[in-house]
Amino acid sequence: MPVTAFPEFPTNIPTHPLVVVDYELLKNGDKREMDKLWDAATLLGFWYLKNHGADEDVERMFDMGAETMDLPMEEKMKYERGDDGFSFGYKFAGANVVDASGEPDKVEFLVIAKDDALAWPKQARRSYPSTVNSRMDSTIVPFVKKSIEINSVCLNIFNDKLGLAEGTLLKLHSGEYSACEARTIKAPKNLPVGKMALGAHTDFGSLSFLHNRLGGLQVLPPGVEEWLYVKPIPGHAICNVGDALTFLSGGILRSNMHRVVPPPGAQAGFERWSQVFFTRPVNSVVLRPLSDESPLIAETVSKLSDKQKEALTPGMTAYDWVEKRLRNPRLKSIKPAEAQS
Ligand SMILES: O=C(O)CCC(=O)C(=O)O
Ligand SMILES: [Fe+2]
């Protein structure tokens, strides 16, 4: 991690409080904690997760990210993810747009496929810079494994609350290649106020396990017209539901809009790093409400309008959905309106 001590998040700006969920309690089957998670995932779709035990792994990921981002641009571009809707590899700042005017994004990404981490030292999906390879065993594989374990505990809880047969959601997320990935994000310091680092978007997978140190993440809560900061709290990950779980749950689980702006106050003078693990369904899963597998989902969907039902049924596989979402905000495709990230 380049810098470890930052100015405090300012006290005089509006923030949106998130429910704090205790991972240790979830893991031990604490009913009240599972109810808290369920409420957070269905009402806002965002929550803090404490006692997850991944902080040291995350710090090592930031070190790996810093070493990689410091490589010459020419070297990084050998691993560029390209324009084909493929998310793994390096994304240079400005490859995407943040809004309909075509304003370029400000963030670099380094994205490592779960499939490559788990196959290491074999290659599953693509190759990576030497700074990644040399830290696969010590840093990336442990981070990926821990993230999978944590997101799987949450998926199993959602599975049971949705009334699905045991292990249904987990099965849709394992046993085949997927777009699951670890993404390290670097935003430069001193971005002009009013510029967006990462445009408004929903995450397109199932669950995101996010770690940031500086402010800048904002959510647009339901029924609120104002973007509100989510304050980073040491030791607390920020977790959220993505589109795929919204589709599969018939809209019961909420994939909420969010974006990244320059850090507030004195924090703006520092590079902003974040580390995410995205859990996504395996490639062949067809995205649609699992109505035939859960009376709760069936009943919820039956009350929706045809337009709402259509919005929950993109009519494509998880693979095609990721490809479509990745193509949209690419600078070269200049069809930015729909989505970022
Ligand atoms: O950097 C952050 O705090 C959020 C990043 C994010 O929303 C994303 O990568 O999808
Ligand atoms: Fe996101």
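Predicted model, so just to flag it, every value in this text is computed and none were measured.

## Structural notes on the nonpolar core
Formed by 86 residues in total, the largest nonpolar core has its most connected members in Leu37, Trp47 and Ile112. Take this core: its biggest share by element is nine residues, from helix H7 (residues 136–161). Filtering out sequence-adjacent residues up to four positions away, leucine 37 remains in contact with Val21, Leu26, Trp47, Cys154 and Ile157.

## Notes on unusual backbone geometry
The peptide bond linking tryptophan 120 to proline 121 adopts the cis configuration, its omega dihedral lying at 10 degrees. Note on placement: proline 121 falls in the loop between helix H5 (114–119) and helix H6 (130–133). Even without being glycine, asparagine 51 reaches a positive phi, approximately 55 degrees. Residue placement: asparagine 51 occurs in the loop between strand E2 (46–50) and helix H3 (55–69). By the C-beta count within 10 Å, which is 15 here, asparagine 51 ends up partly exposed.

## Notes on H3
If you check H3, its first and last C-alpha atoms are 21 Å apart, about what 15 residues at 1.5 Å a residue would give, namely 21 Å. When H3 is considered as a whole, its buried residues turn out to be Asp57, Val58, Met61, Phe62, Met64, Gly65, Thr68 and Met69. Seen end-on, H3 carries its buried residues on one side only, within an arc spanning 165 degrees. Residues of H3 that are buried sit in contact with strand E4 (108–113), H6, H7, strand E5 (181–187), strand E7 (207–212) and strand E12 (272–279).

## Quick notes on the sheet that holds strand E6 (residues 198–201)
The strand order E6-E11-E8-E9 describes an open sheet built from four strands, whose pairing is antiparallel. Two strands bound the open sheet, and with one partner strand each, they are E6 and strand E9 (228–229). As paired elements, E6 and strand E11 (residues 258–260) share two bridges and run antiparallel to each other. Within E11, the residue paired with histidine 201 across the bridge is histidine 258.

## Notes on the sheet that holds E5
Strand order in the open sheet formed by eight strands is E1-E2-E10-E7-E12-E5-E4-E3, and the pairing between neighbours is mixed. Strand pairing shows two members of the sheet lacking a second neighbour, strand E1 (20–22) and strand E3 (89–91), which therefore form its edges. Across this sheet, the average inter-strand angle for adjacent strands is 25 degrees, counted without regard to direction. The sheet contact formed by E7 and strand E10 (residues 237–241) spans four bridges and is antiparallel. Bridge assignment links serine 208 to a residue of E10, and that residue is asparagine 240. Set on the sheet, helix H2 (residues 31–43) makes contact with E1, E2 and E10; between it and E1 the angle comes to about 140 degrees.

## Topic: the pairing of E12
Within E12, eight of the eight residues are buried, which leaves it mostly tucked inside the rest of the structure. Going residue by residue along E12, you find Arg272, Ser274, Val276 and Phe278 tucked away on one face and Trp273, Gln275, Phe277 and Thr279 tucked away on the opposite face as well. When E5 meets E12, the two strands line up antiparallel, connected through seven bridges. Each residue of the ladder has a partner; that of lysine 186, found in E12, is tryptophan 273.

What counts and what doesn't
- Residues numbered from 1 in each chain as written.
- Chains lettered and ligands numbered in written order.
- Predicted model: local features only at pLDDT ≥ 70, side-chain atom pairs only at ≥ 80, totals over all residues.
- Core = buried A, V, L, I, M, F, W, Y, C linked by C-beta atoms within 7 Å.
- Buried ≥ 20, exposed ≤ 12 C-beta atoms within 10 Å, placed from the backbone.
- Helix = DSSP H or I, 4+ residues; strand = E, 2+ residues; numbered from the N terminus.
- Contact = placed C-beta atoms within 7 Å.
- Expected span 1.5 Å × (residues − 1).
- Arc of directions from axis to C-beta.
- Pairing = 2+ DSSP bridges.
- Axes fitted to C-alpha atoms, helices over the stretch in contact; angles between N-to-C directions.

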